Amino acid sequence: MTAPLLAAEGLTLRFGAIPALIDVAIDVAGGEVVAIVGESGSGKTTLLNLAAGLLTPDSGRIAIAGTAMPGPASARDSLRRTHVGIVFQTLRLVSALTVSGNLELAARLSGKPADGIGQLLETLGIGHRSRASPRELSQGEAQRAAIARAIVSRPLLLLADEPTSALDDRNADMVARLLLDSAAAHGSTLVIATHDTRLRRYIGHVVELEAG
């Protein structure tokens with residue numbers, strides 16, 4: 001039996017006296033597309049941050065591609081850079097770099113070659129903006145740039161946090177298809193945290209969180 005690409009069990013995390021997650025378990029197979037759904041405050045973003053190693057649980061375990069999530073922050077950073085791509089809720093491009101420069105930086109940090117950047121941007125429809133700074137991008141262009149940065153290192157695991165929540169129907173459809181197509185093209189497992197019910201039609205495997 002093939003081990004899951006993302007495996008988590010017994011995840012519990014509290015912020016002070018407030019429980020964010022309580023004994024959560026999830027297995028995601030390689031190449032699978034999964035939506036984590038729930039109301040605001042249900043723990044979706046917290047679960048993604050744990051999967052990315054940006055947070056550590058009070059108890060429980062996480063493994064990516066059979067490698068247990070380590071405790072030290074530097075080791076978690078290393079595992080994330082080599083195996084995980086993240087599309088955050090807010091744009092987190094380096095303002096001093098161009099769009100291409102941001103992708104080159106992401107590739108370099110992952111230890112992967114920074115080749116194919118121009119083709120990737122063309123595929124996502126923003127090849128003409130490769131030399132633009134992040135502040136010059138429209139909302140739709142910025143979202144595509146964020147997706148490009150997340151997948152440029154060909155991560156095993158692609159995490160997207162509320163990627164369509166602020167978009168109208170047309171742009172939400174575009175971003176959803178870009179995420180699915182990009183994950184498929186690069187062989188990435190895709191996990192989307194969302195309360196956007198419009199995304200359910202694209203995704204077969206849905207995990208629902210309710211108050212952690």
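The structure reproduced in this document is the subject of the present report. What you see is a predicted model; the values in this text were computed from it and never measured.

## Some details on helix 2 (residues 73-83)
Among the residues making up helix 2, those that are buried are Arg76, Leu79 and Arg80. Here the buried residues of helix 2 occupy an arc of 100° about the axis, which is enough to place them on one side. Among the structural elements, strand 4 (59-64), strand 5 (67-68) and strand 6 (84-87) are those in contact with the buried residues of helix 2.

## Description of empty space enclosed by the protein
Inspection of every chain in the model, using the stated rule, returns 2 cavities of 30 Å³ or more. In this structure, the largest cavity spans a volume of roughly 60 Å³. The wall of the largest cavity is formed by Leu6, Ala8, Leu11, Ile26, Ile36, Leu47, Leu48, Leu50, Ala51, Ile62, Leu159 and Val191. Residue assignment for the lining of the largest cavity shows that the elements contributing at least two residues are strand 1 (6-15) and helix 1 (44-51).

## Observations regarding the side chain of Lys44
Assignment of secondary structure puts Lys44 in helix 1. When its relative accessible area of 5% is taken as the criterion, Lys44 is described as buried.

## Brief notes about the pattern of salt bridges
Applying the stated rule across the entire model yields 8 salt bridges. Put simply, Glu9 and Arg61 hold a salt bridge, and the shortest N to O gap is 3.9 Å. With Glu9 in strand 1 and Arg61 in strand 4, this residue pair connects regions lying 52 residues apart in the sequence. Residue classification places Glu9 among the partly exposed positions, given a relative accessible area of 44%. Residue classification places Arg61 among the partly exposed positions, given a relative accessible area of 39%. Taking the shortest distance from any N to any O, the salt bridge between Glu141 and Arg129 comes out at 3.3 Å. A residue pair is termed long-range when its members are at least 10 positions apart, and Glu141 in helix 5 (residues 139-151) and Arg129 in the loop between helix 4 (117-123) and helix 5 qualify at 12 residues. Given a relative accessible area of 18%, Glu141 falls into the buried group.

## A word on the sheet that holds strand 9 (residues 205-208)
Taken together, 5 strands build an open sheet; the order of strands is 6-7-8-3-9 and the sheet is parallel. Each end of this open sheet is capped by a strand with a single partner; those strands are strand 6 and strand 9. For this sheet the average axis-to-axis angle between neighbouring strands, irrespective of direction, equals 20°. Where strand 6 lies against strand 7 (residues 157-161), 4 bridges are found, and the strand directions are parallel. Note that in strand 7 the partner of Val87 across the bridge is Ala160. Seen against the sheet, helix 1 touches strand 3 (33-37), strand 7 and strand 8 (189-194) and runs at an angle of roughly 150° to strand 7. The sheet strands contacting helix 6 (residues 169-186) are strand 3, strand 6, strand 7 and strand 8, and the helix crosses strand 8 at an angle near 155°.

## Quick notes on the packing of helix 5 against helix 6
Close contact between helix 5 and helix 6 brings their axes to 11 Å; oriented N to C, the two are set at 15°. If you check the angle between helix 5 and helix 6, you find them roughly parallel. Where helix 5 crosses over helix 6, the handedness of that crossing is right-handed. Between helix 5, through Gln143, Arg144, Ile147 and Ile151, and helix 6, the contact on the second element is made entirely by Met174, Val175, Leu178, Leu179, Ser182 and His186. Of the residues in the contact of helix 5 with helix 6, the class split is 6 nonpolar, 3 polar and 1 charged.

## Concerning the packing of helix 3 (residues 99-110) against helix 5
Contact pair helix 3 / helix 5: the axes reach a minimum separation of 8 Å and the direction vectors enclose 25°. One finds that helix 3 runs roughly parallel with respect to helix 5. In the crossing of helix 3 with helix 5, the sense of the turn from one axis to the other is right-handed. Together, Val99, Asn102, Leu103 and Ala106 of helix 3 and Ala145, Ala148 and Arg149 of helix 5 make up the contact between the two elements. The residue inventory of the contact of helix 3 with helix 5, partitioned by class, reads 5 nonpolar, 1 polar and 1 charged.

## As for the layout of surface pockets
Empty space within the largest pocket amounts to approximately 440 Å³. Lining the largest pocket are 19 residues, with Arg81, Val84, Ala106, Leu109 and Arg149 sitting closest to its centre. Breaking the lining of the largest pocket down by element, the ones donating at least two residues are helix 2, strand 6, helix 3 and helix 5. By residue class, the composition of the lining of the largest pocket is 10 nonpolar, 4 polar and 5 charged. Along the wall of the second largest pocket there are 14 residues; nearest its centre are Gln89, Thr90, Gln139, Gln143 and Ala166. Residues that form the lining of the second largest pocket fall into these classes: 7 nonpolar, 6 polar and 1 charged.

About the thresholds
Residues numbered from 1 in each chain as written. Predicted model: local features only at pLDDT ≥ 70, side-chain atom pairs only at ≥ 80, totals over all residues. Heavy atoms only, no water. Buried < 20%, exposed > 50% of the residue type's maximum accessible area, 1.4 Å probe, protein only. Helix = DSSP H or I, 4+ residues; strand = E, 2+ residues; numbered from the N terminus. Arc of directions from axis to C-beta. Contact = heavy atoms within 4.5 Å. 1 Å grid on protein atoms, 1.4 Å probe; cavity = no way out; pocket = protein on both sides within 12 Å on 5 of 7 lines; lining within 4 Å. Points joined across faces, edges and corners; volume = space filled by probe spheres on them. Salt bridge = Lys/Arg side-chain N within 4 Å of Asp/Glu carboxyl O. Pairing = 2+ DSSP bridges. Axes fitted to C-alpha atoms, helices over the stretch in contact; angles between N-to-C directions. Parallel < 35°, antiparallel > 145°, perpendicular 65-115°, else oblique. Left-handed = near helix turned anticlockwise from the far one by under 90°. Nonpolar A, V, L, I, M, F, W, Y, C, P; charged D, E, K, R; others polar.

Such coordinate-based values are descriptive only and should not be taken to indicate function.
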